[in-house]
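Per-entry structural report
Listed below are the residues making up each chain.
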Amino acid sequence: MILPIVAYGDPVLRKVGANIDANYKDLQKLIENMWETMYHAHGVGLAAPQVGKAINLFIADTSAFDDETYPEMKKVFINAEIIEEWGDKWEYEEGCLSIPHIRENVSRHSNLLLRYHDENFTLHEEEFSGIAARVIQHEYDHCKGKLFVDYISELKRRLLKNKLINISKGGARVDYKMRIPSGR
Ligand code: NI
């Protein structure tokens, strides 16, 4: 089932996602719905807060990037925790399904070590780099209540202010379903 994607301005995007256990209600169904929702919207990653659930869960599939430098990654991340980040910081133009039509360069470390559970609640400690690390860092932030626009300069954010307000009022034209913050 395709779920509506929460738009910028909704408080759920600012919550820290709670860790969950294997008994979390309808977890497999939620993961399945998140994949369907992400692919429908042509996303490369999706975090649970973006479908209205303030929990520490995100998915990512980097196969849409034609970057042959790094192997493709398709994974479910539950209760993820970045143990360490290292390597040169590099800029990449990020976007977000909750913040349509805005793309900005964000600088992040090239490598990270992540501890997480997969969809079967098997524990992993794994290193990621390149585009896989980038998508993980972006989605991980979602589960911490953080958005990529938080990283841009004060000046740029001022310039984007009206666009962001427009998104929060449902003014962004997208070909996927969005949930607009209530009371707007
Ligand atoms: Ni995002």
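Now for a quick tour of the structure. (Residues numbered from 1 in each chain as written. Predicted model: local features only at pLDDT ≥ 70, side-chain atom pairs only at ≥ 80, totals over all residues. Heavy atoms only, no water.)

1. Notes on the layout of surface pockets
Counted as a void, the largest pocket has a volume near 460 Å³. Forming the walls of the largest pocket are 27 residues, and the residues nearest its centre are Val44, Gly95, Cys96, Leu97 and Arg103. Every element with two or more residues in the lining of the largest pocket is listed here: strand E4 (74-94) and helix H2 (130-142). Class assignment for the residues of the lining of the largest pocket results in 12 nonpolar, eight polar and seven charged. (1 Å grid on protein atoms, 1.4 Å probe; cavity = no way out; pocket = protein on both sides within 12 Å on 5 of 7 lines; lining within 4 Å. Points joined across faces, edges and corners; volume = space filled by probe spheres on them. Helix = DSSP H or I, 4+ residues; strand = E, 2+ residues; numbered from the N terminus. Nonpolar A, V, L, I, M, F, W, Y, C, P; charged D, E, K, R; others polar.)

2. Thoughts on the pattern of salt bridges
Scanning the entire structure with this criterion turns up 13 salt bridges. Across the salt bridge formed by lysine 29 and glutamate 32, the nearest N and O atoms sit 3.3 Å from each other. In this pair, lysine 29 and glutamate 32 are both assigned in helix H1 (residues 27-40), three residues apart and thus about one turn of the helix distant. Taking relative accessible area as the criterion, lysine 29 reaches 43% and is therefore assigned partly exposed. In this structure glutamate 32 comes out as partly exposed when scored by relative accessible area, which is 43%. Between arginine 103 and glutamate 93 there is a salt bridge, with the nearest N and O atoms lying 3.7 Å from each other. Here arginine 103 is found in the loop between E4 and strand E5 (104-117), whereas its partner glutamate 93 is found in strand E4, with 10 residues between them in sequence. Among the residues examined, arginine 103 registers a relative accessible area of 48% and is labelled partly exposed. Via salt bridges that share partners, Glu94, Arg108, Arg134 and Asp141 belong to a single interconnected network. (Salt bridge = Lys/Arg side-chain N within 4 Å of Asp/Glu carboxyl O. Buried < 20%, exposed > 50% of the residue type's maximum accessible area, 1.4 Å probe, protein only.)

3. With respect to the packing of aromatic side chains
Going through the model one piece at a time under the given rule, you end up with seven aromatic pairs. Among the aromatic residues, ring-to-ring pairing joins Phe58, Phe77, Tyr116 and Phe128 into one connected group. For the cation-ring pair, lysine 74 lies above tryptophan 35, with the distance from its terminal atom to the ring centre recorded as 4.6 Å. The cationic tip of arginine 134 hangs over the ring face of tryptophan 90; the distance from NZ or CZ to the ring centre is 4.5 Å. (Phe/Tyr/Trp six-rings, centres within 6.5 Å; stacked < 30°, edge-to-face > 60°. Lys NZ or Arg CZ within 6 Å of the ring centre and 35° of its normal.)

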